[in-house]
Amino acid sequence: MTGDDSGGFQAGWSGLIVRVPEAEAAVRAWRDRWDPSARAGVPAHVTVLFPFLDESRMDNGACAAIRDVIGRHRAFEARFERCGRFPGILYLLPEPDIPFRRLTEAIAQRWPETPPFGGQFDDVVPHLTIAQSQDDAVLEEAEADLAGRLPVTARVSSVDLMVHDGTRWQQRASFTLR
């Protein structure tokens, strides 16, 4: 999820994420300083789909449909052992990435009006954002620091629905993988 603490996120926005608590010790200091979503309350995660449905559409029926889609996918393990970059962004790559891609594809297929990242990218690359900076030296320093903290292995067993309340991101629900 992207944005900034000063209003880049709008009240009612939602997103689906896979929390990666196993990575927190390795990435927290960098994320707290250089990832706006961390400062807005989002834990270390891999985004499944953002932006998702507006909070006003999150009724029992929508949550049941999300639970149904997510529940068709098996729990899995992912290993984060190397960094990747987008312009101005340092991230961890999950391996394998196919289970994350399948979750994203399934949600986007069920709700085609909510393409991943608003349809900005032809290929959505699953990743755990560490830092966003225009200064390559910051990204290089973070990557060098992480080299001694990796790999991280995570058990992925749920997908969380996060909703922005106008100030911070809050977990609204959690959906279990089978």
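Now for a quick tour of the structure. These numbers come from a predicted model, not from an experiment. (Residues numbered from 1 in each chain as written. Predicted model: local features only at pLDDT ≥ 70, side-chain atom pairs only at ≥ 80, totals over all residues. Heavy atoms only, no water.)

**Quick look at the overall build of the chain**
Next, step 1: The helix and strand tally for the chain stands at five helices and eight strands.
Next, step 2: Counting from the amino terminus, the chain carries its helices and strands in the arrangement β-α-α-β-α-β-β-α-β-α-β-β-β.
Next, step 3: Relative to the 2.2 N^0.38 estimate, which gives 16 Å for 178 residues, the radius of gyration of the chain is 15 Å and therefore close to what a compact globule would have.
Next, step 4: Along the first, second and third principal axes, the C-alpha atoms of the chain reach 45 × 35 × 30 Å.
Next, step 5: Taking all 178 residues of the chain together, 49% fall into the buried category. (Helix = DSSP H or I, 4+ residues; strand = E, 2+ residues; numbered from the N terminus. Rg over C-alpha atoms; globule rule 2.2 N^0.38 Å. Buried < 20%, exposed > 50% of the residue type's maximum accessible area, 1.4 Å probe, protein only.)

**A short note on the sheet that holds strand 2 (residues 45-49)**
Next, step 1: The four strands lie next to each other as 2-1-7-8, forming an open sheet whose pairing is antiparallel. Here the strands that pair on one side only, and so sit at the sheet edges, are strand 2 and strand 8 (169-176). Geometrically, the sheet is characterised by an average inter-axis angle of 35° between neighbouring strands, direction not taken into account.
Next, step 2: Bridge count for strand 1 (residues 14-19) against strand 2 is four bridges, and the pairing is antiparallel. Bridge assignment links Ile17 to a residue of strand 2, and that residue is Thr47. (Pairing = 2+ DSSP bridges. Axes fitted to C-alpha atoms, helices over the stretch in contact; angles between N-to-C directions.)

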